[in-house]
Amino acid sequence: MRFLSADLIFPGHTEPLANAILVVGPNGVIKDLLTSDDENAPEGSRVERFNGILCPGFINAHCHLELSHMKGVVAEKTGLPKFITEIVSRRNENAHEKQEKIILADEEMWLNGIQAVGDICNTTDSLETKSNSRVEYHSFVEVFSFDPARANEVLEEGIRVAKAYRNAGLKATIVPHAPYSVSEQLFDGIRKQQQPFPGPISIHNQETESEDEMFSSGTGELVETFKGFGIDFSNWNPQKKSSLDYAFAQLPADQNVMLVHNTCSTSDEMKHVESLRNDLYWCACPSANLYIENRIPNLPMWLENNAKVCVGTDSLASNHQLSIFEELKLIQHHHPQLPLSTLLQMATLNGAKALNMDNEKGSFQQGKLPGVLWLKNVDLSSESLASASVQRII
Ligand SMILES: [Zn+2]
């Protein structure tokens, strides 16, 4: 049994506690969370004391492990349409390094305090690493094709990949890539796969201005990019609505839905979709948004709309590291008015809930296996993370 104490313990499910004692059993199971004057509190010599904050392991709600070999390959700040073109045309470069880079990325996440990951995959490339990892994964098997004639073929491949993950004992669901890359026929097929593959859903949303332009008027840089890939838009009519409205109406019911990026979502759009279902999560990937579009999501506005916010790194193709703690530092740098407890909530319990993993991860509640992180050199009076670092204790 270990007894851990710190200036501040952030349990996830309650307000931060000063000088509390976290009791952790063998294998990292949370046994109790005691105040220092609790009659069950152990004598001082048995307590390990940490300067700073203890919090549960982080949840990386959005990653693409299988793009790990593309670190540094795509130029920064060129916008999503050009980024997509580069990813599609260069994704098989250095393919011989793929497995090695996936293993390194998984290890990097563990060392950076990441306990669980919502990972987008198009193939089984990351299956072996996930099977052997200390990190828990939910694999979002992503399908895309805007050509209705290809819906069945694309879905069949998604089913094959999802079955492979599930047969290996891993969590997997079949999910749409983005509004602009999924036909109504393919959405239909995805909905029908909710019964055989139940679980959370994720979709990239409103990452670039031209995404809404495509749906409202049928024009813009994204449409031009897809025409460049040979996609035929002659039988497709713009929907005269936002990309979010198009996709939202076609998402499976009765499952958690995570909308990823949302950098262009307006307050009115958030209010509208929040009023339609209560199992929505909004995932911020600020480093990737800076890398691709050179913009930062408006998190204070998200929170004003009572959005349940979680945090993701996106892939090494659009980030310099896979660290939720670095994402929190970046959010705090741009939005210093947000309380540290709000940031930690996003990075822990909210992500665990979005991935349906809150029975085990995300908070210091009895019986859970959330991991324990030590946040060092946090300025506790200003809550500044600028000089802080993270070290895994358990
Ligand atoms: Zn992504």
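Details of the structure are given in the entry above.
Residues numbered from 1 in each chain as written. Predicted model: local features only at pLDDT ≥ 70, side-chain atom pairs only at ≥ 80, totals over all residues.

Draft legend 1. Quick look at the overall build of the protein chain. Across its full length, the protein chain carries 13 helices and 15 strands. Over its C-alpha atoms the protein chain spans a radius of gyration of 21 Å, differing by no more than 12% from the 21 Å that the globule rule assigns to 394 residues. Once the C-alpha set of the protein chain is aligned to its principal axes, its extents read approximately 75 × 45 × 40 Å. Counting only residues that meet the buried cut, the protein chain has 48% of its 394 residues in that class. Restricting the contact set of the protein chain to residue pairs at least 6 apart, pairs at least 24 apart contribute 71%. (Helix = DSSP H or I, 4+ residues; strand = E, 2+ residues; numbered from the N terminus. Rg over C-alpha atoms; globule rule 2.2 N^0.38 Å. Buried ≥ 20, exposed ≤ 12 C-beta atoms within 10 Å, placed from the backbone. Contact = placed C-beta atoms within 7 Å.)

Draft legend 2. Molecular detail of the sheet that holds strand S8 (residues 136–143). With parallel pairing, four strands are arranged side by side in an open sheet as S6-S7-S8-S9. This sheet does not close on itself; its edge strands, each paired only once, are strand S6 (58–63) and strand S9 (171–176). In this sheet, adjacent strand axes meet at a mean angle of 20 degrees when their direction is disregarded. Summarising the sheet, strand S7 (residues 114–121) and S8 pair through six bridges and their orientation is parallel. Looking at S8, one finds that Cys121 is bridged to Val141. Seen against the sheet, helix H13 (residues 340–354) touches S6 and S7 and runs at an angle of roughly 50 degrees to S6. (Pairing = 2+ DSSP bridges. Axes fitted to C-alpha atoms, helices over the stretch in contact; angles between N-to-C directions.)

Draft legend 3. Main features of the pairing of strand S3 (residues 21–24). Along S3, one buried face is formed by Ile21 and Val23 and the opposite face, lined by Leu22 and Val24, is buried too. Where strand S1 (residues 2–9) and S3 come together, four bridges link them in antiparallel fashion. Across the sheet, the residue bridging to Leu4 is Leu22, located in S3. Alignment of S3 against strand S4 (residues 30–34), held across four bridges, turns out to be antiparallel. Pairing of Ile21 across the sheet is with Leu34, part of S4. Connecting the antiparallel pair S3 and S4 is a turn made up of five residues, with Asn27 showing a positive phi of about 65 degrees.

Draft legend 4. How the structure looks around unusual backbone geometry. A positive phi angle, close to 60 degrees, is found at Asp254, a residue other than glycine. Tracing the backbone through its elements, the reader meets Asp254 in the loop between helix H8 (243–248) and strand S11 (257–261). Take Asp254: there are 8 C-beta atoms within 10 Å of it, and that puts it in the exposed class.

Draft legend 5. Focus on the sheet that holds strand S13 (residues 309–311). Overall, parallel pairing links the four strands, which are arranged S10-S11-S12-S13 in an open sheet. Where the open sheet ends on each side, the last strands, each with one partner, are strand S10 (201–205) and S13. The average angle at which neighbouring strand axes cross in this sheet is 30 degrees, direction not considered. Pairing geometry for S10 and S11, over five bridges, is parallel. Pairing of His204 across the sheet is with Val260, part of S11.

Draft legend 6. Geometry of the packing of helix H1 (residues 80–90) against helix H7 (residues 221–228). Across the interface, H1 lies against H7 with an axial gap of 9 Å and an inter-helix angle of 20 degrees. In terms of orientation, H1 lies roughly parallel with respect to H7. For the element pair H1 and H7, the recorded crossing hand is right-handed. Between H1 and H7, the residues in contact are Pro81, Ile84 and Thr85 and Glu221, Leu222 and Thr225, respectively. Here the residues of the contact of H1 with H7 are counted per class, giving three nonpolar, two polar and one charged. (Parallel < 35°, antiparallel > 145°, perpendicular 65-115°, else oblique. Left-handed = near helix turned anticlockwise from the far one by under 90°. Nonpolar A, V, L, I, M, F, W, Y, C, P; charged D, E, K, R; others polar.)

Draft legend 7. Structural view of the pairing of S1. Here S1 lies mainly inside the structure; six of its eight residues are buried. Bridge count between S1 and strand S5 (residues 47–56): six bridges; the pairing is parallel. Along S5, the bridge assignment pairs Phe3 with Val47.

Draft legend 8. Summary view of the nonpolar core. Counting residues in hydrophobic clusters, the biggest one holds 111 residues, and the most contacted among them are Leu22, Leu54, Val141, Cys283, Cys310 and Ala347. Sort the elements by how many residues they give to this core and H13 lands first, with eight residues. The two domains that each donate at least three residues to this core are domain 1 (2–55 + 377–392) and domain 2 (58–361). Ignoring sequence-local partners within four residues, the contact set of Leu22 consists of Leu4, Ile9, Leu33, Leu54, Phe364 and Val372. (Core = buried A, V, L, I, M, F, W, Y, C linked by C-beta atoms within 7 Å. Domains from an automatic or database assignment.)

Structural measurements only, silent on function.
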